[in-house]
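An overview of the molecular structure
The chain contents come next:
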Amino acid sequence: MSLYPLVRELLFRFPPENVHYFSMNLLQGACRVNVLKGMIEKHFRVSDARLKRELFGLAFPNPVGLGAGFDKNALYLDELEALGFGFAEIGTVTPLGQPGNDKPRLFRLPADQALINRMGFNNDGVAAMAARLKKRKERSAASALIVGGNIGKNKITGNEDAWKDYHTCFDALFDCVDYFVVNVSSPNTPGLRELQEKDSLKKILGNLQNNNQGRQHPKPLLLKIAPDLTQEQLDDIVSLAFEVQLSGLVATNTTISREGLRTSGTRITAIGAGGLSGRPVRERATEIVQYLSKQTNGNIPVIASGGIFTGADAAEKLSAGASLVQVWTGFIYEGPSIVKHICAHLLDS
């Protein structure tokens, strides 16, 4: 029997953002002791050749990753690898460090197994991130963890200049990450989602791909999309993905919808704006994965994100056409065994 439900009950008595850093710093402290790190790896990591995936020219130890927004500042990659993750996205990273939105900005909805966040791309900035990632590469040369760089624009940057921010982040992180994800789908930076329109996207992605393809060894370039897009917008993205030769799509980000929640309307109103993640997003995210897979004839790989808590949830996304899956909110609710349980299910099915 897992002890995590009892631990979660205790942790949920404290503010979510504080608990996040407390828990991860505790894990980091444990992993600095070799004996403890070995015990953690032995308990949580599943090593099996059947779980390996080759995608974008990269070798993923397993198909279960951690979505962007959890390790915003690339502080916990070694610890996440110890917990068994096959890949992790850092960021969202912006050119300049920024504090994000005012606190509180992260809220739990236990009745829905969901979170609402309006973090606002709080991060240390791309220069600090690049330095941190380079140090880790030197220190952990044998690491098999695939690291993605999720990039965005600063809040103070107007949409007409957004392409410059993405360009800056791409340049600075090119030698530090294994692949890139362009984030234009967070609801927590004013006007950001407007960049999902085809013309705006073409300017950003076209510039990045010109930069990318001019290099000796181009990096996989992916786009992360919102679950709130219309079919017409999804079709535009599929068309653009082929046009600029994207390596893949990440589906999906958080939603601005509040439909069908069990949490009281009073509580939802009190929380206010932000992106909803977790169980309520599962069905819509799967629909979008399935649609994208069908429209691209499986020629543009999809990383599925949204409402993945169990092995069955992961299998559902993979059956819908995804090549890899990412967890985030499920990690909070299911605990550190989530990767182990998903991998075990995939091996048994």
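Residues numbered from 1 in each chain as written. Predicted model: local features only at pLDDT ≥ 70, side-chain atom pairs only at ≥ 80, totals over all residues. Heavy atoms only, no water.

1. Let's talk about the layout of surface pockets
The space that makes up the largest pocket amounts to roughly 920 Å³. In terms of lining, the largest pocket is formed by 35 residues, of which the most central are Tyr4, Leu11, Ser23, Gly335 and Pro336. Breaking the lining of the largest pocket down by element, the ones donating at least two residues are helix 1 (4–11), helix 2 (16–31), helix 3 (34–44), strand 6 (106–109), helix 12 (329–334) and helix 13 (338–348). Looking at the lining of the largest pocket, the element that brings in the most residues is helix 2, giving 9 residues. Of the residues belonging to the lining of the largest pocket, the class tally is 25 nonpolar, 7 polar and 3 charged. Of the residues in the lining of the second largest pocket, the class split is 6 nonpolar, 4 polar and 6 charged. (1 Å grid on protein atoms, 1.4 Å probe; cavity = no way out; pocket = protein on both sides within 12 Å on 5 of 7 lines; lining within 4 Å. Points joined across faces, edges and corners; volume = space filled by probe spheres on them. Helix = DSSP H or I, 4+ residues; strand = E, 2+ residues; numbered from the N terminus. Nonpolar A, V, L, I, M, F, W, Y, C, P; charged D, E, K, R; others polar.)

2. Regarding the environment of Thr157
Relative to the assigned elements, Thr157 resides in the loop between strand 9 (146–151) and helix 6 (162–173). Look at Thr157 and you get buried, because its relative accessible area is 14%. Linking Thr157 and Val93, residues 64 residues apart in sequence, is a C-alpha distance of 14 Å. Apart from the residues within four sequence positions on either side, Thr157 is in contact with Ala162 and Asp165. (Buried < 20%, exposed > 50% of the residue type's maximum accessible area, 1.4 Å probe, protein only. Contact = heavy atoms within 4.5 Å.)

3. Observations regarding helix 5 (residues 126–139)
The terminal C-alpha atoms of helix 5, which comprises 14 residues, lie 20 Å apart, in line with the 20 Å expected from a rise of 1.5 Å per residue. Those residues of helix 5 lying buried are Val126, Met129, Ala130, Leu133 and Arg136. The buried residues of helix 5 occupy one face: seen down the axis, they fall within an arc of 125 degrees. What points out from helix 5, more than 90 degrees from its buried face, is the exposed set Ala127, Lys135, Glu138 and Arg139. Elements in contact with the buried residues of helix 5: helix 4 (77–82), strand 4 (87–93), strand 8 (123–125), strand 9 and helix 6. (Expected span 1.5 Å × (residues − 1). Arc of directions from axis to C-beta.)

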